[in-house]
Amino acid sequence: MNGFSPASERELLALLADRALFGLGPAAHRRLSRHLAERPESDAEIMDRTAALLLLGARMPSEPLPEAISREIRAAAERFLAQRAAGGEPTPDFQDGYPP
């Protein structure tokens, strides 16, 4: 447990999201700075990166996945869910971010 209240955690995430989407005024920026100072382990840019990825994804042309890749994703998802349902810790099917 990190010792921070759920309300405090929600405010931190809301401020990070607002900063990424709209920018912050001086008072909100000070509150965000205080939250981040109290949590040096926090990823202060997580919402900025998330917003950027979503924006890029929304602007990319949409095309269907090749059927072979779609089958691999479905099979990996089924294995993951089966491991989870069996009470085990799901393990990734690949290392270094690329399927075998």
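Residues numbered from 1 in each chain as written. Predicted model: local features only at pLDDT ≥ 70, side-chain atom pairs only at ≥ 80, totals over all residues. Heavy atoms only, no water.

1. Details of a nonpolar patch on the surface
A cluster of nonpolar side chains, Leu 65, Ile 69 and Ile 73, forms an exposed patch at the surface whose accessible area comes to about 280 Å². Its location among the elements puts Ile 69 in helix H4 (residues 67–85). Relative accessible area serves as the criterion here: at 39%, Ile 69 is assigned to the partly exposed category. (Patch = residues over 30% accessible without salt bridge, like charges linked within 9 Å, V, L, I, M, F, W, Y side chains within 5 Å. Areas by Shrake-Rupley, 256 points an atom, 1.4 Å probe, with all protein chains shown as cover. Salt bridge = Lys/Arg side-chain N within 4 Å of Asp/Glu carboxyl O. Helix = DSSP H or I, 4+ residues; strand = E, 2+ residues; numbered from the N terminus. Buried < 20%, exposed > 50% of the residue type's maximum accessible area, 1.4 Å probe, protein only.)

2. Observations regarding the confidence of the model for the chain
Residues with a pLDDT of 70 or more make up 85% of the chain, whose mean pLDDT is 83. When pLDDT is averaged over each element of the chain, helix H2 (residues 26–38) comes out on top at 94 and helix H3 (residues 46–59) at the bottom at 86. (pLDDT = per-residue confidence, 0-100.)

3. Remarks on the pattern of salt bridges
Summed over the entire model, instances satisfying the criterion amount to 7 salt bridges. Glu 9 is paired through a salt bridge with Arg 39; the nearest N and O atoms lie 3.4 Å apart. Residue Glu 9 is located in helix H1 (residues 6–21), and its partner Arg 39 is located in the loop between H2 and H3; the two are separated by 30 residues in the primary sequence. Glu 38 is paired through a salt bridge with Arg 39; the nearest N and O atoms lie 3.6 Å apart. Take Arg 39: its relative accessible area is 1%, and that puts it in the buried class. Here the salt bridges do not stand alone but share partners, grouping Glu 9, Glu 38 and Arg 39 into one network.

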